[in-house]
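Residues per chain are reported as follows:
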Amino acid sequence: MAISKHIVFSFTLVFISLISFNELVAVTGDTNKYFKLPLGPNQTGPEAIAFDCKGKGPYVGISDGRILKWQGSHIGWTTYAVTAPNRSGSCDGVDGIPKEKECGRPLGIRFDMRTCELYIADSSFGLMKVGPKGGVASSLATMVHGVPFVFLNSLDIDFVNNVIYFSETSTNYPHWKAGDAINNGDKSGRLMKYDVKTGAVTVLLTGLSFANGVSLSKNNDFVLVAETTANQTLKYWLSGYKAGTHEVIHLNGRPDNINRDANGDFWIAVQLGKSVKINPFGKILETLEGDEIVNPTDVSEFNHRLCWLAMAVSKHIVFTLVLIMSLMSSIELAVIPYEININYTRLSLGQNQTGPEAIAFDCKGEGPYVGISDGRILKWQGPHIGWTTYAVTAPNRPDWCDGVVSSPLEDVCGRPLGLRFDMTTCELYVADSSFGLMKVCSEGGVASSLATIAEGIPFVFTNDLDVDFENNIVYFTDTSTNYPRWEALQAINNGDHSGRFMKYDMKTREVTVLLRDLYFANGVALSKYNDFVLVAETTANQTLKYWLTGYKAGSYEVLLQLDGRPDNIKRDANGDFWIAVGPKGGVATSLAAIAEGIPFGFLNGLDVDFVNKAVYFTDSTRDGRQAINNSDNSGRFMKYDMKTGDVTVLLKNLFFANGVALNKNNDFVLVAETTANQTLKYWLTGYKAGSSEVLLQLDGEPDNINRNTAGDFWIAVRMGKSIKINHLGVILETLDGDEIVNPSDVSEFHHRLWIGFPDQPFIYHS
């Protein structure tokens, strides 16, 4: 239906089967209904809840020391792991708290979503880990400063920096004397961290009142820890200028476990009060209602649908189905779109200052910093001060370089292209086209050289870089070994493919060539977990994915064919990537060329599910580029399996199939039908899997679709205004502005867009 000032939708009736009922139970969206999921005979106290790396579960730790896994209504609960190293069968079904020293009591549980290993805070046996197949947990830490842990409670894990944050409720009272700790006002609780690499335990906070739930922020810049008997949650800063300090979030009740949802908000289970969902600033977003929900210990949100609740002294867990609403309608609800016109603002560099090729922000969040054509790196100090010189790359740079825009002088003045800050030391790593790989100290100044040559061949056109600070490796590109930067056009016109992708080891100072013969090697960006790195091949119109770990380590694949020339690549806080794309050029290639015996005619949009190793893409038409004028409906939407190489056609007879975008949890995908003026929603999981619906009718022709970090979607619309929508198709924003042409860099920082250009005296920001 056409969007005017409202959207009409209906509540979908969902049926689910429960182990405790001999019937199907219907749940409708007008009432949140809770269901009990019994644990089984003599099984009590599901203190915390977790889901594994495959989305299976829930898993719960119970009072007899076991960790159980829910296997569905036909199998029920099975034993997945135990924490006691010599646990006897007599522990099964034990409900006596003092036997925890013999049987164990797993309270905090968190899965590593990369390896599927389970990390555990056991009240008696300390910090532990279980392999992906379950079994007996192995010990990681049992003491700090020579003093054994007494009552470990909760944990969360920073997998980027390999650090576990965990709480010890009391250093005086074990778990089975928790009542004494509460009644006596014990304040001996602690927040600690465990370094996975070194095995070192560090105490971060002491004197806490019944330290309980722990949960990291989405960007690992702070951690929340519940102080149960103080009726408050602390926010402890891990990075930025507030690092090492904390602040208080007050609550009307006693907080227990804390869990972060996919959007970066937090569910806090509250006893003697109502459980709440808060944002990172402590604002209450939702309150959990229901007479069944009394003194929960854990509230977890999974896949935006299920809210799972645990009670430490109960024999069941409770869950509710949060309804998915579909378009087309009997019960009407008017939703007025919230329209915001985002205006891109020019931030002028100043007179005779041009070419902000790349953009960076420092460890304090200050900036942006930009490298410009005269060899300087500038820092934005705010509107009152403006731009100041932060660093230069040329070791003996003459003053007359200031304001120079002539490219051949780069070997005298320098040309910093790639910039990355170390978020711990605030040192700046630089790829300078003429002076190679460099580093600037945290105070700025003249850059020092790190490397200028590899395999006896000097760097000719060093371009971009990214840094793995965990393993002390710099990954960078040398665009060409034949043409310097000021001869870039010749490199492009002559089809030069002498580019290299390399790594620099900070410890040994060795340079290793990882890939050769690249077409104008350009942007570089590491994944969130440093398991792969993306490299832009500009004149090949493609982005490569080079594997650093796992069974594919040392190999690469073409991740993305682009309808244009990729330049710089930047990863956002969510682990997604911005690729700045310039005008078309080069020869396109693909991973597959045919489906169901029919060759691809016009490949167009794609998105990748890296969890399930599937590429979803469109073939717009088999009728060439006249399809739009001829109302052709031969378009197809398909899936490519990275493991098997198989291509499956999911939808046929589409009107110019175009943009593709997966949702955040990979349970549906949006597909643009350009000449039908509509966007389809194709379900990948759940009871609707394999079906599609019209999500949105548009006043224009939809083109590419991109998801942002919050899980909303930007749809580029021709003959109309581009829009931002949520997963229900509600228009959130409309985009205006003709200024954004041929950017070289797009960076997302604090939910703002910063856009740089290689040959302009300004940058754009939203």
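It should be emphasised that the depicted structure is a prediction, and the values quoted were computed from it without experimental measurement.

Focus: the overall build of the protein
- The helix and strand tally for the protein stands at 4 helices and 71 strands.
- Evaluated residue by residue, the protein yields a buried proportion of 55% over its 766 residues.
- Pairs at least 24 residues apart make up 47% of the contacts formed inside the protein by residues separated by at least 6 positions.
- Carbon and sulfur atoms make up 50% of the accessible area of the protein, which totals about 32400 Å².

A few points about the packing of aromatic side chains
- Going through the model one piece at a time under the given rule, you end up with 23 aromatic pairs.
- Ring centres of F668 and W683 lie 5.5 Å apart, and the angle between their planes is 65°; this geometry places the pair in the edge-to-face category. Taken as a pair, F668 in strand β62 (residues 668–673) and W683 in strand β63 (residues 678–683) lie far apart in primary sequence, 15 residues in all. Comparing F668 with W683, the two get one shared label, buried.
- When the ring centre of F532 is taken as reference, the NZ or CZ atom of K545 above it lies at 4.4 Å.
- Its guanidinium or amino end placed over the ring of F668, K681 lies 4.4 Å from that ring's centre, counting from NZ or CZ.

A few points about the pairing of strand β45 (residues 462–468)
- Here β45 lies mainly inside the structure; 7 of its 7 residues are buried.
- Summarising the sheet, β45 and strand β46 (residues 473–478) pair through 5 bridges and their orientation is antiparallel. Across the sheet, the residue bridging to D466 is Y475, located in β46.
- Linking two consecutive strands that pair antiparallel, namely β45 and β46, is a turn of 4 residues; a positive phi of about 55° is found at N472 within it.

Re the confidence of the model for the protein
- In the predicted model, the protein carries a mean pLDDT of 78, and 78% of its residues have values of at least 70.
- Predicted confidence is poor over residues 1–34, with pLDDT under 50, and the contacts of this stretch with residues over four places away or in other chains come to 101 contacts.

Re unusual backbone geometry
- Of note, the bond from G57 into P58 is cis; its omega dihedral lies within 30 degrees of zero at 10°.
- As for its placement among the helices and strands, P58 is situated in the loop between β5 (49–50) and β6 (59–61).
- Cis geometry marks the peptide bond from G367 to P368; its omega dihedral reads 10°.
- With respect to the element layout, P368 can be found in the loop between β34 (359–360) and β35 (369–371).

Things to note about the sheet that holds strand β42 (residues 448–451)
- Judged by pairing direction, the sheet is antiparallel, and its 4 strands sit side by side in the order β38-β39-β40-β42 without closing on themselves. Of all the strands in the sheet, just β38 (416–421) and β42 have a single pairing partner and so form its edges. Pairwise comparison of adjacent strand axes, ignoring direction, gives a mean angle of 30° for this sheet.

Topic: the pattern of salt bridges
- In the structure shown here, the tally under the stated rule is 26 salt bridges.
- The salt bridge involving E168 is made with R190; its shortest N-O contact spans 2.6 Å. Taken as a pair, E168 in strand β17 (residues 163–168) and R190 in strand β18 (residues 189–195) lie far apart in primary sequence, 22 residues in all.
- With a relative accessible area of 0%, E168 lands in the buried category.
- Residue classification places R190 among the buried residues on the basis of a relative accessible area of 11%.

A few points about the state of the cysteines
- Summed over all chains, the structure comprises 4 disulfides.
- Paired through a disulfide, C363 and C426 show a sulfur-sulfur distance of 2.1 Å. Disulfide C363 to C426: torsion about the S-S bond roughly -105°, handedness left-handed. Taken as a pair, C363 in the loop between β34 and β35 and C426 in the loop between β38 and β39 (428–432) lie far apart in primary sequence, 63 residues in all.
- What makes C363 buried here is its relative accessible area of 17%.
- Shown here is the disulfide that connects C401 with C413, its sulfur atoms set 2.0 Å apart. Measuring the twist about the S-S bond at about -80°, one finds the C401-C413 disulfide to be left-handed. Taken together, the residues C401 in the loop between β37 (387–392) and α3 (410–413) and C413 in helix α3 connect sequence positions 12 residues apart. An identical accessibility class is assigned to C401 and C413; each is buried.

What to know about the sheet that holds strand β12 (residues 135–136)
- The strand order across the open sheet formed by 5 strands is β5-β6-β7-β8-β12, and the pairing between neighbours is mixed. Each edge of the open sheet carries a strand with a single partner, namely β5 and β12.
- Here 2 bridges tie strand β8 (residues 77–82) to β12, and the two strands are oriented parallel to one another. For V82, the partnering residue across the bridge sits in β12 and is V136.

A short note on the nonpolar core
- I569, A595, F600, F617, M638, Y640 and V647 are the most contacted members of the largest nonpolar core, which has 21 residues in total.
- Within the residue set of this core, elements represented by two or more residues are β50 (532–537), β52 (556–561), β58 (614–619), β59 (635–641) and β60 (647–654).
- Examining the composition of this core, we find that 3 residues originate from one element, β50, more than from any other.
- The contacts of V647, once residues within four sequence positions are left out, are A592, I594, A595, F600, F617, M638, K639 and Y640.

Here's the deal with the environment of N172
- Within the secondary structure, N172 sits in the loop between β17 and α2 (178–183).
- Distance in space between the C-alpha atoms of N172 and G189 is 8.8 Å, their sequence separation being 17 residues.
- In this view, N172 contacts V150, D186 and S188; residues no more than four positions away in its chain are not counted.
- Polar side-chain contacts of N172 include one of 2.9 Å to the side chain of D186.
- Here the side chain of N172 touches S188 through a polar contact of 3.3 Å, side chain to side chain.

Some thoughts on the environment of F668
- We classify F668 as buried; its relative accessible area is 3%.
- When the C-alpha atoms of F668 and G690 are compared, they prove to be 9.6 Å apart, with 22 residues separating the residues in sequence.
- Contacts of F668, omitting those with residues within four sequence positions, involve L662, N663, K681, Y682, W683, L684, F713 and H727.

Some points on the pairing of strand β20 (residues 211–216)
- Counted residue by residue, β20 has 6 buried out of 6 residues, so it is predominantly covered.
- As judged from the 4 bridges shared by β20 and strand β21 (residues 222–227), these two strands associate in the antiparallel manner. In the sheet register, V214 faces β21, and the bridge partner there is V225.
- Connecting β20 to the next strand, β21, in antiparallel fashion are 5 residues, including N220 with a positive phi near 60°.

Some points on the side chain of K681
- Positionally, K681 belongs in strand β63.
- In this structure, K681 is buried with no salt-bridge partner, the nearest side chain bearing the opposite charge being E693 at 4.8 Å.
- The contacts of K681, once residues within four sequence positions are left out, are F668, V669, L670, S691, S692, E693, L695 and H727.

What to know about the environment of K681
- Of the residues examined, K681 reaches a relative accessible area of 1% and is grouped as buried.
- As a C-alpha pair, K681 and V694 span 13 residues in sequence and 6.2 Å in three-dimensional space.

Reading guide: rules and limits
- Residues numbered from 1 in each chain as written.
- Predicted model: local features only at pLDDT ≥ 70, side-chain atom pairs only at ≥ 80, totals over all residues.
- Heavy atoms only, no water.
- Helix = DSSP H or I, 4+ residues; strand = E, 2+ residues; numbered from the N terminus.
- Buried < 20%, exposed > 50% of the residue type's maximum accessible area, 1.4 Å probe, protein only.
- Contact = heavy atoms within 4.5 Å.
- Areas by Shrake-Rupley, 256 points an atom, 1.4 Å probe, with all protein chains shown as cover.
- Phe/Tyr/Trp six-rings, centres within 6.5 Å; stacked < 30°, edge-to-face > 60°.
- Lys NZ or Arg CZ within 6 Å of the ring centre and 35° of its normal.
- Pairing = 2+ DSSP bridges.
- pLDDT = per-residue confidence, 0-100.
- Axes fitted to C-alpha atoms, helices over the stretch in contact; angles between N-to-C directions.
- Salt bridge = Lys/Arg side-chain N within 4 Å of Asp/Glu carboxyl O.
- Disulfide = S-S within 2.5 Å.
- Core = buried A, V, L, I, M, F, W, Y, C linked by side-chain atoms within 4.5 Å.
- Polar contact = N/O pair within 3.5 Å; in protein donor to acceptor, adjacent residues only side chain to side chain.
- Lys, Arg positive; Asp, Glu negative; His and termini not counted.

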